[in-house]
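Here are the chains, one letter per residue:
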Amino acid sequence: AGTTPGAPGVTVAPAPGFVAPLPGGTTPTTGGTGPAPEAGLPTPAETVEPAPSVARVGAIASDSDMCLDVNGGVPVDDNHVQVYDCNGTSAQRWTLATDGTLQAVGKCAEVTGDATVHITGCDDGDEAQWRAGEDDSLVNLATNKCLTDPANGHRPGAGVLVTECTGDDNQQ
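Residues numbered from 1 in each chain as written. Predicted model: local features only at pLDDT ≥ 70, side-chain atom pairs only at ≥ 80, totals over all residues. Heavy atoms only, no water.

### Section: the pattern of salt bridges
When the charged atoms of two side chains lie near each other, side chains of opposite charge can form a pair. In this structure the tally under the stated criterion is two salt bridges. A salt bridge links lysine 107 to aspartate 77; the shortest N-O distance between them is 2.7 Å. Placement of lysine 107 in strand 9 (residues 107-111) and of aspartate 77 in the loop between strand 5 (66-70) and strand 6 (81-85) is noted, with a sequence separation of 30 residues between them. What makes lysine 107 buried here is its relative accessible area of 16%. Taking the relative accessible area as the measure of exposure, aspartate 77 reaches 41% and is therefore partly exposed. Across the pair lysine 145 and glutamate 164 runs a salt bridge, and its minimum N-O distance is 3.6 Å. Separated by 19 residues along the polypeptide, lysine 145 in strand 13 (residues 145-148) and glutamate 164 in the segment after strand 14 (161-163) bring together distant segments of the chain. (Salt bridge = Lys/Arg side-chain N within 4 Å of Asp/Glu carboxyl O. Helix = DSSP H or I, 4+ residues; strand = E, 2+ residues; numbered from the N terminus. Buried < 20%, exposed > 50% of the residue type's maximum accessible area, 1.4 Å probe, protein only.)

### A closer look at the nonpolar core
Most often, soluble globular proteins have nonpolar side chains that are buried together. Among the nonpolar cores identified, the biggest contains 22 residues, and Leu68, Trp94, Leu102, Val117 and Trp130 are the most heavily contacted of them. Put simply, the parts of the chain that give this core at least two residues each are strand 5, strand 6, strand 7 (94-96), strand 8 (102-104), strand 9 and strand 10 (117-120). Broken down by element, this core gets its largest block of residues, three residues, from strand 5. Beyond its immediate sequence surroundings of up to four residues, tryptophan 130 is in contact with Leu96, Gly100, Leu102, Ala109, Val111, Val117, Leu138, Val139, Asn140, Leu147 and Val162. (Core = buried A, V, L, I, M, F, W, Y, C linked by side-chain atoms within 4.5 Å. Contact = heavy atoms within 4.5 Å.)

This is how it looks when you write it as structure tokens:
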């Protein structure tokens, strides 16, 4: 991993990893939280980076060539966020913005009451706040949990969730 010029303290994840660069684009940065905290160890919220000082834009890809994706590429409120075969469409071009939101197709990723992730209009609520932590994962501030592919990269169209941070591959 290296440091992004002009963005002190921000580490760029090397490929393969959760974040992959788009052709001609920048490499977005994520981190993760590693294993679930034990007594006396910091919680994910204590180990995540602040919102980036420069927006990070690109595809968020797993080692299994699945990308974070807006279902059908349709930018309507409450549409779910899923993993899907990487295809370079705008539905897979994500921005981790300087305000801490995770955006695609003009909408923000937000955690719902059932721990699924949907897109909606952007606001400053913690449900729409995401931070980079360790191990190439994204942590939601409202839940203190990590963005997770429940199908472990084996099922295109699987809706993503937030779950306890473990550092497992399905959170990277």
